[in-house]
Structure formats: structure tokens, C-alpha cells
Protein chains: 2
Amino acid sequence: MNHVRARQRRPTMADVAREAGVALRTVSRYVNGDDTVGPDFAERIRAAIDSLDFKVDERARQLRSGRTGTIGAAVRNISEAHPVLSAIEATARAAGLMVVAMSTEDDERLERDAVRSMSGRRMDGIIIEPIAENHGYLQAEIDSGLPVVAFDRPATGVDVDTVLTDNPGGIAQAFEHLYRRGHRRIAYIGDDERIYTGHVRAMAFRTCAAAAGAPHDGLVHPGPVDQSRIAAALASVRHDPDPVTAVITGNASTTVAAIRALGEDFGAVALVGFDDFPLADLLRPGLTVVAQGDEEIGRTAFELFRSRLEHPDRPIERVVVPTRLIIRGSGEIPLYP
Amino acid sequence: MNHVRARQRRPTMADVAREAGVALRTVSRYVNGDDTVGPDFAERIRAAIDSLDFKVDERARQLRSGRTGTIGAAVRNISEAHPVLSAIEATARAAGLMVVAMSTEDDERLERDAVRSMSGRRMDGIIIEPIAENHGYLQAEIDSGLPVVAFDRPATGVDVDTVLTDNPGGIAQAFEHLYRRGHRRIAYIGDDERIYTGHVRAMAFRTCAAAAGAPHDGLVHPGPVDQSRIAAALASVRHDPDPVTAVITGNASTTVAAIRALGEDFGAVALVGFDDFPLADLLRPGLTVVAQGDEEIGRTAFELFRSRLEHPDRPIERVVVPTRLIIRGSGEIPLYP
DNA sequence: GTGAAAGCGCTAACAG
DNA sequence: CTGTTAGCGCTTTCAC
């Protein structure tokens, strides 16, 4: 083993060609698996590559060939569990594409930075979980032929392929589950209505309640996901003269905050959360949730990207992925203990 | 807004120069914030960039300039929560570097693919959570001047800067905590000993037990993280003629599997887990854990990378980051109920 | 089959 | 302060 440190210049194809005594073009063809290279040449090239420890420079290769074989994923936070990203990665890998993920941290500036960086690297496409208020800035990218797919929330101000969860359907599943078990006073605590999913889910809840003839005045509490805000909302609906018997929480972090706020009272009101998360089954009682089809969302997002690549002019598609109710106990506590 | 789709060729600096009626070099200098560009020229260039919607091609820029401003992170799974990655990202961003994360999925081949890809893209450095049996293949990268930093586990067969958790110290914290509370028969269930952390932690446990004069024959159960294997190990130590009163689990997934296996009995034996994880405080009882210094590990890894960049020939460093015991209840149940 | 030459889009020298 | 001239390391015509 060679222990020379910091050999300054990395070997290039020209070095390999010289070492092997062949033309540069022949090395290129060998490296790219072109089988029109004679076996003796191939062997000499292989030896030269080994001895110089040559590695092709992807930047140069991509610059010249045009394609990068890379797809960018701009998601909320790459350091947190992200089943959709996982599915995108798996599908992309199967298709021979590499996924580069970047965090947007729910920050508009970071989102734009990420997209800029991906577009600047001339990635083959972008899959984005939109956060910005307005995505008009994406139009230029799309116009220049970059396939863009949005998931979880629609990108506003721009027409792109989109994959969404069936938010109204999920809320309806939760509501009907509780209603059938006899609950009539049901509260909804969720995200700020300025956030897409927060708005859509709150609206869906109002619609469900109205359709069932159940009350919802004072029972819908959208707002920031903030421990004290959620504790207060919970207290207000539980200590009402006519207290609620069940609560629906609008997303995973709200659910966790609600469980924390309930403390020892967790299990005293029926609770159904939107979003499944790891360990939800280990709580006591187990948490009943409306789970999103993460795997399907990720797979679909990638497929929309791929079909856009093949048919740049096909019409924009919007796919809605169904949710699934998972019964674990917290939504099934007896109505009158 | 321009709604032409798929304008084939993206505009280049040459296009901008032509449009603005200046030399290409001047555009380059404008784009790179070189303030030696006259204000009138700058304005014309700005207008041309806007009208053509020009974006610099990072690939070309990087190829020519040599630097990529990017650091690769090869971690177990980018789709799962990863506090260390989070810290690396934050530190790197503050230093103006972008982090590109790739999953290794605990698969040796994927690890090599990721490293190959990062090295091929001529990234400025690599931070890796090693999984492969042997990392000799990294030597060539290091020799060619690529800074490599390992964390969580050492890279075998190659000398690189490394950041590790104080595994023996963490196990000692758990053991002593239980011992002081009167526990004498304590079991350890953890990872396979072929895995570095699995080995080190099991050994540390044996050492602690021996030093305290506590028994450990038949009480140390390393092996695959497999629900049935862990359930069996747990059953064997609990249904012993002389049953254990406490259990230490060697990592997060083992802890979760153990809690699952205990079912309603969770809380019947004292349990301290290595690794903290989200929602550990919401379990009943709350989970007492030995938490790793994720933030410090990530920050340190990045700093080692940066110092290596500046001083390529400084000696290899190995940093050990302390753990912290977090008391939440599962490790403090009464010894004799 | 293989090889010479031209460029991908940009930045780094240098001269003006 | 600006323009001209070379390349970065690779793939791609096109001859041979």
C-alpha cells in the first residue's frame, strides 16, 4: 500500500492513456463499458488505471455529456425520519439515479437556495416538498426544461406535477370512526391554517361535522405547533361546560404535543392523530392514527418525474394518495367509562 | 412571464456576454461578485442575465476552479432521524459548505458506491459512518488528498480522523446507576459483537460487572437486532431461577424491541437504554437512557474535516465524546415492589 | 477496431 | 477596469 500523502494532481484519463500507451479515446470507451475495445488493450488500460489509481471525474463527465444521473430532493429536514424520501430514494436507485437530498427547514430562503443549487448543478430533475408562499420562481426552471414534481403540498403560482395525500378523506376516516363509536362532541387541533395541510384538514373537519349535524363552533383549533398553544386548546375543549369526548389532531407534531399536554390524562379522551410515526404503537394506550401512504407518495413522485422526462409536453398531473386508519386503542376508549 | 416550455439549450455566459455587449470574462467577474466591474457594465450584465434567465453551471465552475464547496456524508440512512447529520449540516452551512448526504443502508456495497460517487464528484471531503468490514479502499482516496473523517465507529484498516462516543463511559453510567439503586443481577442485551459498538459496549458491561463483583455469566446477550431473538434473551434472564432485576439495552433499536417484547411488563424490570430517541419521554414509564452527544459528535466531525483541509499533514486525531444519563423512570422502578 | 481534434461552460493568467 | 487566450477532464463527432 502506498503511503504518500497529498499527491497533488489526481491522475486523468490522459495519464492513463500515456501509461497504457493507447489513445485517450480508447480509455474513455473502456471506462464507459463500450465493448469495442480489444481485450489486450482493455487489459493494459485496466493495469494502468490500477497502478495510477485513476477515478473518472464526474464533473467533467457530466459537463461534457449533459446528463448528471442525479435527482434533487428538497425536503423539510433531511435529518429527521422521512418515509417519503426513503421511497423516492429506493425508486430512484432502482432506476439508476442518485438522489441528493437537501433540507429546507421550512425556510423559504433555504428552499430557494436548495432549488438554485440543484438547478445550478444541472440535476436531471427536482422533487420538492414546497414551503415557500409563492413558487413563481420555479417557473423559469420549468421553462428551461427542468422536470419539477411537488408533494405533500401544492406549489402555488406555478403548474407542476403534484402528489398529495387525501386530506379530506383522512379527516373523514378519523371523524367517522369516532362518530360511529358514539362521540358527538369532537374537537380538532391542528396546524396553522396558513399552511396548506393545516387549512385543508381544518376545513375537512368542519365539513364532516356539519354533515353529521355535530357541533364544531369553538371546537376547531388551528394554530402554530407550540406546546403551550396546544395545551391551552386542549384545556379549553375539555373544560367546556359541555366537554368534548374525542379529539382529532392534525399532524404528527401536534399529536405528540397533545399527548405531552394530556400527561396522565392520555387515554381519558379518545384521540386520533393524523400521521403515523414510529413508536406510536408503544404508547399506552397505543395511538390510533390516520396514516399517509408515504411509500406510494414517494414512488408516485418519482414516476411523475420520469414520465415528465420522457414526455415533456404531457399535461400536468395531480395524484391523490389515500390514507389508512390504524386502530391501536387511543381512539377506542369507552365513551362512558 | 415566459411560458415557452423546454427551451432546449440553457443560456451560457457567452450568451450573456453577447447580449450585454461585453467580454465573457467580465460576466464571469460580475457573477462572482468581483467588485472590479464598472457600474454601467454591471447594470447591462444584470439586465442580460435577467432577460435570458441565465444561471451559472456549477459543474463547469467546479471543473475549472477545482473546488466544489461540497462535503459528502455517508450515513446509515438519510431517511431516518439522524441528529449527528443534522449537526454536521448546520456546522457546514455556517462555514459556507453544502452537505450532500447518501445512505449506506448498512450495506458494504452501498457504502463503497457512496464514497466512489463522492470522490468522483471531487467533493472537498467525506464524513462517513463506517459500516464495511474493511476500509482499506479508503486509503487511495486519502492518499490523493481527500479529507476523510469517520464517526460512530472507527474505519478499520486505515488511519483517519475519528469521532467516537464514550461507549465504556456510557455503559458505566448505566451500570452504576442501577447498581447504586441496589440492583445486583443486571443483564445486558445488545447488538451483534461483530459490530464495533456491539462489541465495545458488551465488553464494557462485562468489565463493569466484574469490577463490581456482580455476576454476568449468562447475562450478556449480544446478537442480531431481531424481535424474536431479543424476546428470547429477555425471557431467559427474567425466568432464570435467580431472575434479573434490571436490564441494559445496547442501542435504540434493541431498546424498542425489548419494550415491545415486555409488553404490559414494561416497568416490571428496571430498564436503561443506550441511545436516546424521540418520544422516549412519552412512554410509561418514561425511558431512562444514556444519551450520546450527537450535536457535539457532528460538530467535531466537521471541525476535524476543516482542520485537515488546512493542515493536511497534522497527525490523525481521535476524539471521544462523553455520554449523559437521562433519568425518566424506567431505570428507577422500586427494586422490591 | 482505434485515434486526432473539437468542444461542454466556466475561471485563471496575463496583457491592454 | 476590461478583453484575449488557455485550459479544467472528459465525451463526441469524424476520419482512419
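Reading the values: the criteria
- Residues numbered from 1 in each chain as written.
- Chains lettered and ligands numbered in written order.
- Predicted model: local features only at pLDDT ≥ 70, side-chain atom pairs only at ≥ 80, totals over all residues.
- Heavy atoms only, no water.
- Buried < 20%, exposed > 50% of the residue type's maximum accessible area, 1.4 Å probe, protein only.
- Axes fitted to C-alpha atoms, helices over the stretch in contact; angles between N-to-C directions.
- Helix = DSSP H or I, 4+ residues; strand = E, 2+ residues; numbered from the N terminus.
- Parallel < 35°, antiparallel > 145°, perpendicular 65-115°, else oblique.
- Left-handed = near helix turned anticlockwise from the far one by under 90°.
- Contact = heavy atoms within 4.5 Å.
- Nonpolar A, V, L, I, M, F, W, Y, C, P; charged D, E, K, R; others polar.
- Buried area = accessible area lost by both parts, 1.4 Å probe.
- Salt bridge = Lys/Arg side-chain N within 4 Å of Asp/Glu carboxyl O.
- Polar contact = N/O pair within 3.5 Å; in protein donor to acceptor, adjacent residues only side chain to side chain.
- Core = buried A, V, L, I, M, F, W, Y, C linked by side-chain atoms within 4.5 Å.
- Near = heavy atom within 4 Å.
- Pairing = 2+ DSSP bridges.

This part takes up unusual backbone geometry. Residues and elements named next belong to chain A. Here the bond from R284 into P285 is cis, since omega is 0°, no more than 30 degrees from zero. With a phi angle near 90°, D275 is a residue other than glycine that sits in the positive phi range. On the accessibility criterion, D275 (14% relative accessible area) is buried.

This part takes up the packing of helix α8 (residues 167-180) of chain A against helix α9 (residues 196-212) of chain A. Residue and element names in this part refer to chain A. Relative orientation of the contacting elements α8 and α9 amounts to 40°, with a least axis distance of 9 Å. The angle between α8 and α9 places the two elements in the oblique class. Of the two elements, α8 crosses α9, and the hand of that crossing is right-handed. Contact with α8, carried on its side by N167, P168, I171, A172, F175 and Y179, involves Y196, T197, V200, R201, A204, F205, C208, A209 and A212 of α9 and no other residues of that element. Split by residue class, the contact of α8 with α9 holds 12 nonpolar, 2 polar and 1 charged.

Facing 67 residues of chain B, the contacting portion of chain A comprises 66 residues. Carbon and sulfur atoms supply 52% of the area that chain B and chain A bury against each other, a total of about 6000 Å² over both sides. Two residues, E141(A) and K55(B), come together in a salt bridge whose shortest N-O distance is 3.1 Å. Linking chain B with chain A are 18 residue pairs in polar contact (both at pLDDT 80 or more), by the criterion used here.

The subject of this paragraph is the nonpolar core. The biggest cluster of nonpolar side chains holds 53 residues, and the ones touching the most others in it are L287(A) and L287(B). If near-sequence neighbours (up to four positions away) are discounted, L287(B) is found in contact with T255(B), I259(B), F266(B), L271(B), F277(B), A280(B), I326(B), R328(B) and S330(B).

Within the structure, DNA strand D sits among 24 residues, and M13(A), T26(B), R29(B), G38(B) and R64(B) are positioned closest to it. Backbone sugar and phosphate groups make up 59% of those atoms of DNA strand D lying within 4 Å of the protein. In the model, a phosphate oxygen of DNA strand D is placed 2.9 Å from a nitrogen or oxygen of the S28(A) side chain. Interatomic distance of 3.2 Å between a side-chain N/O atom of N32(A) and a phosphate oxygen of DNA strand D.

Taken together, 24 residues lie around DNA strand C, and T26(A), G38(A), R64(A), M13(B) and R64(B) are the ones closest in. A share of 64% of the atoms of DNA strand C within 4 Å of the protein falls on sugar and phosphate groups. In this structure, a phosphate oxygen belonging to DNA strand C sits 2.7 Å away from a main-chain N or O atom of G38(A). Contact distances for DNA strand C include 3.0 Å between a base nitrogen and a side-chain N or O atom of R64(A). Mapped by element, the contributors of at least two residues to the surface near DNA strand C are α2 (24-31) and α4 (58-65) of chain A together with α2 (24-31) and α4 (58-65) of chain B. For the surface near DNA strand C, a count of residues per class yields 9 nonpolar, 6 polar and 9 charged.

This brings us to the side chain of R153(B). Residue and element names in this part refer to chain B. Structurally, R153 is set in the loop between β4 (148-151) and β5 (161-165). Within polar-contact distance, the side chain of R153 engages the backbone oxygen of P130 at 3.2 Å. Looking at R153, its side chain comes within polar contact range of the side chain of D152, at 3.4 Å. If near-sequence neighbours (up to four positions away) are discounted, R153 is found in contact with R76, D106, P130, I131, T162, L164 and Y196.

As a further point, take the sheet that holds strand β8 (residues 246-249) of chain B. All names here are of chain B. Spatial strand order, β7-β6-β8-β9-β10-β12: 6 strands in an open sheet with mixed pairing. In the strand order of this sheet, the two ends are held by β7 (220-222) and β12 (324-326), each with one partner. Averaged over all pairs of adjacent strands, the angle between strand axes in this sheet comes to 15°, irrespective of strand direction. Pairing of β8 with strand β9 (residues 270-274), which is carried by 4 bridges, proceeds in the parallel orientation. The partner of I248 across the bridge, within β9, is V272. Packed on one face of the sheet, helix α8 (residues 167-180) meets β6 (186-190), β8, β9, β10 (288-291) and β12 and runs near 170° to β9. Taken strand by strand, helix α9 (residues 196-212) contacts β6, β7, β8 and β9, and its axis lies near 170° from that of β6.

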